[in-house]
Amino acid sequence: MVKHIVMFRLNAEGEKLAQLAGDFKKAIEALPAKIEALKLVEVGINDGPAQGNWHIVLTAICDDYQALDTYSAHPEHLACVAIIKADVASRACVDYLE
């Protein structure tokens with residue numbers, strides 16, 4: 001299994017940040033029912049008090065790297081990315097075999 005972990009920092013604050021993060025979370029968490037290559041997904045929205053934390057973390061699990069590529073290029077996934085794309089300040093990603 002491949003674990004795909006992505007963190008996002010957005011150029012947004014307050015209500016706009018909450019709306020973007022919430023819309024992204026809802027859309028991403030609907031994907032396992034739409035994309036067979038995606039086995040599991042979880043999205044966390046930072047609510048801790050520390051300054052400088054990443055705003056969103058996404059964890060996705062696929063069977064292998066080919067399935068991860070299928071998920072990444074899928075139109076339903078790209079529609080989710082479009083929700084936050086214009087407001088992404090930073091993105092960090094780690095993919096590893098579990």
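In case you missed it, the structure is sitting above this.
Here goes a summary of the coordinates provided. Source: prediction; values computed, not measured. (Residues numbered from 1 in each chain as written. Predicted model: local features only at pLDDT ≥ 70, side-chain atom pairs only at ≥ 80, totals over all residues. Heavy atoms only, no water.)

### Looking at the pattern of salt bridges
Applying the stated criterion across every chain, the model contains 5 salt bridges. For lysine 34, the salt bridge identified is with glutamate 76, shortest N-O distance 3.7 Å. On the criterion of sequence distance, the pair formed by lysine 34 in the loop between helix H1 (14-29) and strand E2 (38-45) and glutamate 76 in helix H3 (residues 75-84) is long-range, its members being 42 residues apart. For lysine 34, a relative accessible area of 46% gives the class partly exposed. (Salt bridge = Lys/Arg side-chain N within 4 Å of Asp/Glu carboxyl O. Helix = DSSP H or I, 4+ residues; strand = E, 2+ residues; numbered from the N terminus. Buried < 20%, exposed > 50% of the residue type's maximum accessible area, 1.4 Å probe, protein only.)

### Considerations on the nonpolar core
Note that soluble globular proteins tend to have their nonpolar side chains buried in a common cluster. Formed by 26 residues in total, the largest nonpolar core has its most connected members in Leu10, Phe24, Ile28, Leu38, Leu58 and Tyr71. Those elements giving two or more residues to this core turn out to be strand E1 (2-10), H1, E2, strand E3 (56-62), helix H2 (65-73) and H3. Once residues within four sequence positions are removed from consideration, leucine 38 is found in contact with Leu31, Pro32, Ala60, Ile61, Cys62 and Tyr71. (Core = buried A, V, L, I, M, F, W, Y, C linked by side-chain atoms within 4.5 Å. Contact = heavy atoms within 4.5 Å.)

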